[in-house]
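Fold and geometry: a report
Spelled out from the first residue to the last, the chains are:
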Amino acid sequence: VAAADLRRAIVDVVLRKAEELARANEELTRSNVELDAFAYIASHDLKEPLRGVHNYARFVLEDYGDKLDEEGKGKLKTMMKLTERMDELIDGLLHYSRLGREELESEPTDLLALVKRVAQSLTPRFQELGVAVRLPDSLPPVSVNPVMLQEVFANLMTNAMKYNDKPEKWIEVGSAAPDRAPESIRRKLRDGDVILYVKDNGIGIPKKHFDTIFQIFRRLHARDQYGGGTGVGLTIAKKILERHGGYMWVDSEPGRGSTFFLSLPAQR
Ligand code: ADP
C-alpha cells in the first residue's frame, strides 16, 4: 500500500510540474508573438515620419541649395545619409519580426545545391576580393525552408568574405560532428541532428563576443573598415535556425578566423 501511495504521489508531482511547464511555455510563446507584433508595428510606424524627415532635407537642399554654403549643404547631406541608415535598421527589424510570424514551410532540400547557388550568386565579389570557396562532395539530407536557409548561407558567406583582411581569403563549408558544439548546446542536440559549418580565415571574433554577435544591431567591427552592415544578419540567421528546431553558435580565434556552426534536425 505504501509503495502504491508513493507511486501515486510521485505521479501527481510529475503531472503538476508538467502542467506548470506547459503553462510557462504557452506564456513564453505568447510574449514572443507579442514582441514580434510590437516590433512590426513600431518599425512600420517609424518608417513614415522618417521618410518625411528625409524628404524635407532633400527639399531644402533642392529648393534652397543656392542660398546655403558648402558646410550647410554638407550637413543636410549627412542628415539624409543618417535617415537612410535608420531606414535600413528599421527594415532589419521588420524582417526580423516577420520571421516570427510567417508559417514555416519545410521540404526535403539538397543543401549542397543550395550552398552552390549561394556561392554562385556571390562569385563576382569573391573573384574581385580573391576569395576561394571550398565545398564538400555531399551534405546530409535535411528538410528545411530553402528560401530561409539560402538567406542563412548568404549571410554567413558574405560575412566570411567581409570580415577578412588576409591576402588569400578562403571560405570552407562542410558538415561536422556534434562534439563541436559547446556543452550548453550539445545537451540539447538530438540523435541524427545534422551539424554544418561555414569557416573562414578572417579577422576572427574574441571569445567574450561569441554570444553578443547574435544580438540584434550588435556589431564588433567598424562599418567604414569592413563595408556596410546593420548588425541584423546573424540575429536573423539564428532565428531561422531556431524556427527549424536547430541552433547556431560560433568558434573563433582572433586573427586566425571563425567557424559558424548550425544544427538542423535530420530529415524525417
Ligand atoms: P553585419 O551586418 O554587421 O555584418 P551581422 O549580424 O551579420 O551584422 O554580424 C554581426 C557582427 O559580428 C559583425 O558586425 C561583425 O563584427 C561580427 N562578425 C560576423 N561574422 C563575422 C566573421 N565571419 N568574422 C569576424 N566577425 C564577424
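These numbers come from a predicted model, not from an experiment. (Residues numbered from 1 in each chain as written. Predicted model: local features only at pLDDT ≥ 70, side-chain atom pairs only at ≥ 80, totals over all residues. Heavy atoms only, no water.)

**Regarding the overall build of the protein**
If you tally the helices and strands in the protein, you get 7 helices and 7 strands. Ordered by position from N to C terminus, the α and β elements of the protein give α-α-β-α-β-β-α-β-α-β-α-α-β-β. The C-alpha radius of gyration of the protein comes to 24 Å, more than 25% above the 18 Å expected for a compact globule of 268 residues. Across its three principal axes, the protein shows a C-alpha extent of roughly 95 × 45 × 35 Å. A buried classification covers 37% of the 268 residues belonging to the protein. Considering only contacts within the protein whose residues lie at least 6 apart along the sequence, 74% involve residues at least 24 apart. For the protein, the accessible area works out to roughly 16400 Å², and carbon and sulfur atoms hold 53% of it. Side-chain charges of the protein comprise 40 positive and 41 negative groups, with the mean position of each set lying 3 Å from the other. (Helix = DSSP H or I, 4+ residues; strand = E, 2+ residues; numbered from the N terminus. Rg over C-alpha atoms; globule rule 2.2 N^0.38 Å. Buried < 20%, exposed > 50% of the residue type's maximum accessible area, 1.4 Å probe, protein only. Contact = heavy atoms within 4.5 Å. Areas by Shrake-Rupley, 256 points an atom, 1.4 Å probe, with all protein chains shown as cover. Lys, Arg positive; Asp, Glu negative; His and termini not counted. Charge placed at Lys NZ, Arg CZ, Asp CG, Glu CD.)

**Here we look at the packing of aromatic side chains**
Evaluated as defined, the whole model comprises 4 aromatic pairs. Ring centres of Phe-214 and Phe-260 lie 6.2 Å apart, and the angle between their planes is 75 degrees; this geometry places the pair in the edge-to-face category. With a gap of 46 residues between them, Phe-214 in the loop between β5 (194-200) and α6 (223-226) and Phe-260 in strand β7 (residues 257-264) connect regions that are remote in the sequence. Take Phe-214: its relative accessible area is 7%, and that puts it in the buried class. Residue classification places Phe-260 among the buried positions, given a relative accessible area of 8%. Aromatic rings pair up to connect Tyr-197, Trp-249 and Phe-261 into one cluster. (Phe/Tyr/Trp six-rings, centres within 6.5 Å; stacked < 30°, edge-to-face > 60°.)

**Considerations on the confidence of the model for the protein**
Parts of the prediction with low pLDDT should not have their coordinates interpreted in detail. Overall, the prediction assigns the protein a mean pLDDT of 91, with 99% of residues at 70 or greater. Confidence, expressed as mean pLDDT per element, reaches its minimum in the protein at α6 with 74 and its maximum at β7 with 98. Scoring of the predicted complex yields 0.83 for pTM and 0.98 for ipTM. (pLDDT = per-residue confidence, 0-100.)

**Here we look at the packing of helix α4 (residues 146-162) against helix α7 (residues 233-243)**
Relative orientation and spacing of two packed helices are given, respectively, by the angle between their axes and the distance between those axes. Between α4 and α7, whose axes approach to 9 Å, the crossing angle comes to 145 degrees. Remark: the crossing between α4 and α7 carries left-handed chirality. The residues of α7 that touch α4, namely those facing Met-148, Leu-149, Glu-151, Val-152, Asn-155, Leu-156 and Asn-159, are Gly-233, Leu-234, Ile-236, Ala-237, Ile-240 and Leu-241. Along the lines of polarity and charge, the residues of the contact of α4 with α7 split into 9 nonpolar, 3 polar and 1 charged. (Axes fitted to C-alpha atoms, helices over the stretch in contact; angles between N-to-C directions. Left-handed = near helix turned anticlockwise from the far one by under 90°. Nonpolar A, V, L, I, M, F, W, Y, C, P; charged D, E, K, R; others polar.)

**A look at the sheet that holds β5**
Spatially, 5 strands are ordered β2-β4-β5-β7-β6 in an open sheet, and the strand pairing comes out mixed. Two strands bound the open sheet, and with one partner strand each, they are β2 (131-134) and β6 (247-253). This sheet shows a mean twist of 15 degrees between the axes of neighbouring strands, independent of strand direction. Strand direction decides the pairing type here: β6 and β7, joined by 7 bridges, are antiparallel. Bridged to Tyr-247 within β7 is Ser-263. (Pairing = 2+ DSSP bridges.)

**Let's talk about the site of the ligand**
Residues in contact with the ligand amount to 22 residues; listed here are only the nearest, Asn-159, Tyr-163, Arg-219, His-221 and Leu-234. For the ligand, an oxygen atom lies 2.8 Å from a polar atom in the side chain of Asn-159. Taking 530 Å² as the accessible area of the ligand by itself, protein coverage stands at 98%. Elements that contribute at least two residues to the shell around the ligand include exactly α4, α7 and β7. Take the shell around the ligand: its biggest share by element is 4 residues, from α4. Residue classes in the shell around the ligand are distributed as 9 nonpolar, 9 polar and 4 charged. (Near = heavy atom within 4 Å. Polar contact = N/O pair within 3.5 Å; in protein donor to acceptor, adjacent residues only side chain to side chain.)

**Let's talk about a nonpolar patch on the surface**
The grouping of Leu-6, Ile-10 and Val-14 at the surface amounts to a nonpolar patch, some 290 Å² of accessible area in total. Here Leu-6 is to be found in helix α1 (residues 2-64). Residue Leu-6 is classed as exposed on the basis of its relative accessible area, which comes to 54%. (Patch = residues over 30% accessible without salt bridge, like charges linked within 9 Å, V, L, I, M, F, W, Y side chains within 5 Å. Salt bridge = Lys/Arg side-chain N within 4 Å of Asp/Glu carboxyl O.)

**Structural notes on the nonpolar core**
In terms of nonpolar packing, the biggest core is built from 41 residues, with Leu-111, Phe-153, Met-157 and Phe-260 touching the most fellow members. Elements represented by at least two residues in this core include exactly α3 (111-129), β3 (142-144), α4, β4 (169-176), β5, α7, β6 and β7. In contact with Leu-111, other than residues within four places in its own chain, are Leu-139, Val-142, Leu-149, Phe-153, Leu-196 and Leu-264. If you look at the next biggest cluster of nonpolar residues, it comprises 8 residues, including Leu-189, Ile-195, Tyr-197 and Tyr-247. (Core = buried A, V, L, I, M, F, W, Y, C linked by side-chain atoms within 4.5 Å.)

**Describing helix α2 (residues 70-101)**
Taking 1.5 Å per residue as the helical rise, α2 with its 32 residues ought to reach 46 Å, and the 47 Å between its terminal C-alpha atoms agrees with that figure. Residues of α2 that are buried include every one of Gly-72, Leu-76, Met-80, Thr-83, Arg-85, Ile-90, Gly-92, Leu-94, Ser-97 and Leu-99, and no others. Contacts made by the buried residues of α2 are with α1, α4, α6 and α7. (Expected span 1.5 Å × (residues − 1).)

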